[in-house]
Amino acid sequence: MAPILQLFERKAYPKLVEDAATMRSIPIESLFVDQPDRSTTYSASAAGLTLDFSRQAVTDDILTHLVALATEAQLRDAFAALRQGSTVNATENRPALHTLLRSNSAPEGLPNEYAAVAETRRRMQDWSEHIRSGRHTGFSGQPITDVVNLGIGGSDLGPRLVNDALQVFDGKIDAHFVANVDPAALQDALLGLSPESTLFVVCSKSFGTEETITNARAARSWLLQAGAEASALGAHFLAITTDIQAAADMGIPEDHCLPLWDWVGGRYSLWSAIGLSCAISLGWHTFSELLAGAQQMDEHVEAAVPGQNLAVLMALLEVWNTNFLGADSHVVLPYCEGLGYLPEFLQQLTMESNGKRVDVLGRELKSDSAPMLWGAAGTMGQHSFHQLLHQGTRTFSADFILPLTTHTGMTEQHGRLVANCLAQSRAMTVGRTEQQCIDSLLARGAGEERAQALATHLAIPGNRPHSLITMDALTPRSLGALLALYEHRTYFSSLLWGINAFDQWGVELGKDISGSIYEVMQNTRPSVDLDTVTLKHIAAWRAANDR
Ligand code: F6P
């Protein structure tokens, strides 16, 4: 394995600092004067996706220095190590084998892991087909019509996104997703569902997550209140977990439990049985196509040279924008209704993976790690936060994601969506000068004084670095490839920063404190170690609830 180095310790670092200083005075748009075909040369394709990074603030020299950074960090070897099951998660002493979950053959040295994956895939397919055929029945003999996924974080966001994106591909059984411990989430999801024909898929790697276990218990009560015998509840539950015993303790029969392994990180687990709700609602063929798309991306990332490697390029651009050009957030703008949950999925993937303050060796980071990630499906954002993108004072980078066709058959209307996407990308590059604003106001009949006064309010600086990721259509394959691409970009960025992308210790403190506070609220623990603010609000909760 390559030595763990932080970004500033890399040989390529000083050159890139100089490059950034130069680039600050060069507008991205001006780069097209000498390189009119940037959109062709600064572009790479694989697995049905094309990355156009011509509107990033990069030149040939900068790309050479960035590629040197990738080579120095031995990203290629690191990817091979990931796929072969090396211990890439040092603090938890584990591999991260999400690529194995979509593989069709056993990597050397991992025959047992592969056999377990293949067997679980077979069981997923069986369950999917069994339920979709109507042969699996609930407590009163009714076939299952609705599946409710109970899970949070990685046990929710991936399946929720995929189900929403691919509904059109044979969404025969309705899938619903409940993550929040707020009882309103479960209540809303169950509204209109029949207990007799509803199946709950309890997804929890640990089977100890408060939100999921609380919702699973409430689901049991809902079924019991509807007249189900306790002995018949098993038919209404499947569980996906590493802790089969904990699931059995909740009354879920062992043959209704599908395994997960500690070498699958929660936010990388969509491809495992955590995707079962989707496999049931969308059908096995669609789910296996999703896996195939992801696998195609894995193959590309393993084989392609850095300058043509989508994941390497995206990681280099992330680091370039964040650490050299000072972007403090990254905006994801899918121009596709079906990708509405993509920003949320990527928030967990990138911020839980790379929101770190120390490197793998435990040394404090000398430069920033992951930027904040946010976004929304276009065009809605244009009528809310795009104002800040065009005229705000914050620096950011962005990814536009655009399927070039629509499944709806409404091609004319889809053309409007495409035009909006391309318009936003262009506006973020070229902006609008004060003089252009004055000229346009005068042409529309405004007086000279008003035109002068308004010009600074109307002007848009442009020069916002971003990429365009296009695909022919949103299909199970292109979606699988897209999500795998972001997974690998996340891993490569972590290597460039010298951090561990596969642990998430920062989430534990809140869980511990919440447990103690709840015990105090239930009077099962003294409140001596709590602070005055917390105690005041507990008292208010008691008063509001007559406790
Ligand atoms: O609290 C964070 C986290 O551990 C995520 O990493 C994970 O995806 C989520 O909670 C759910 O965990 P589990 O699948 O064990 O319920």
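Please refer to the structure placed before this passage.
Residues numbered from 1 in each chain as written. Predicted model: local features only at pLDDT ≥ 70, side-chain atom pairs only at ≥ 80, totals over all residues. Heavy atoms only, no water.

1. Here's the deal with the site of the ligand
- Around the ligand sit 14 residues in total, of which S155, S204, K205, S206 and T209 are the nearest.
- In this structure, an oxygen atom belonging to the ligand sits 2.8 Å away from a side-chain N or O atom of S155.
- The side chain of Q348 places a nitrogen or oxygen atom 3.1 Å from an oxygen atom of the ligand.
- In terms of residue class, the shell around the ligand is made up of two nonpolar, nine polar and three charged. (Near = heavy atom within 4 Å. Polar contact = N/O pair within 3.5 Å; in protein donor to acceptor, adjacent residues only side chain to side chain. Nonpolar A, V, L, I, M, F, W, Y, C, P; charged D, E, K, R; others polar.)

2. Concerning the sheet that holds strand β6 (residues 237-241)
- With parallel pairing, the five strands of this open sheet are ordered in space as β4-β3-β5-β6-β7. Every interior strand has two partners, whereas the edge strands, β4 (174-178) and β7 (257-259), have only one. Geometrically, the sheet is characterised by an average inter-axis angle of 20 degrees between neighbouring strands, direction not taken into account.
- Across five bridges, the pairing between strand β3 (residues 146-150) and β4 is parallel. For V147, the partnering residue across the bridge sits in β4 and is A175.
- On top of the sheet, helix α6 (residues 111-132) reaches β5 (198-203), β6 and β7; it is set at about 150 degrees to β7, its chief contact.
- Contacts from helix α8 (residues 183-190) reach β3, β4 and β5, with the element oriented near 170 degrees to β4. (Pairing = 2+ DSSP bridges. Helix = DSSP H or I, 4+ residues; strand = E, 2+ residues; numbered from the N terminus. Axes fitted to C-alpha atoms, helices over the stretch in contact; angles between N-to-C directions. Contact = heavy atoms within 4.5 Å.)

3. Examining the environment of F237
- Here F237 is to be found in strand β6.
- Counting along the chain gives 30 residues from F237 to F207, while the straight-line C-alpha distance between them is 14 Å.
- The residues touching F237, leaving out its near neighbours within four places in the chain, are L199, F200, V202, A216, A219, R220, L223, I252 and H256.

4. A closer look at the pairing of strand β10 (residues 396-403)
- Within β10, eight of the eight residues are buried, which leaves it mostly tucked inside the rest of the structure.
- Residues F396, A398, F400 and L402 line one face of β10 and the alternating positions S397, D399, I401 and P403 line the opposite face, and both faces are buried. (Buried < 20%, exposed > 50% of the residue type's maximum accessible area, 1.4 Å probe, protein only.)

5. Examining the sheet that holds strand β1 (residues 43-46)
- Taken in spatial order, the six strands line up as β1-β2-β11-β10-β8-β9 in an open sheet, and their pairing is mixed. In the strand order of this sheet, the two ends are held by β1 and β9 (372-375), each with one partner. Neighbour-to-neighbour, the strand axes of this sheet turn through a mean angle of 20 degrees, independent of strand direction.
- The sheet contacts of helix α14 (residues 342-354) involve β8 (329-334), β9 and β10, and relative to β9 the element is tilted by about 175 degrees.

6. Brief notes about the nonpolar core
- The biggest cluster of nonpolar side chains holds 110 residues, and the ones touching the most others in it are W320, L339 and L342.
- Residue contacts for L342: discarding those within four places in its chain leaves L161, V332, P334, I401, L482 and L483.
- With 24 residues, the next largest nonpolar core counts L150, A216, L233 and I252 among its residues. (Core = buried A, V, L, I, M, F, W, Y, C linked by side-chain atoms within 4.5 Å.)

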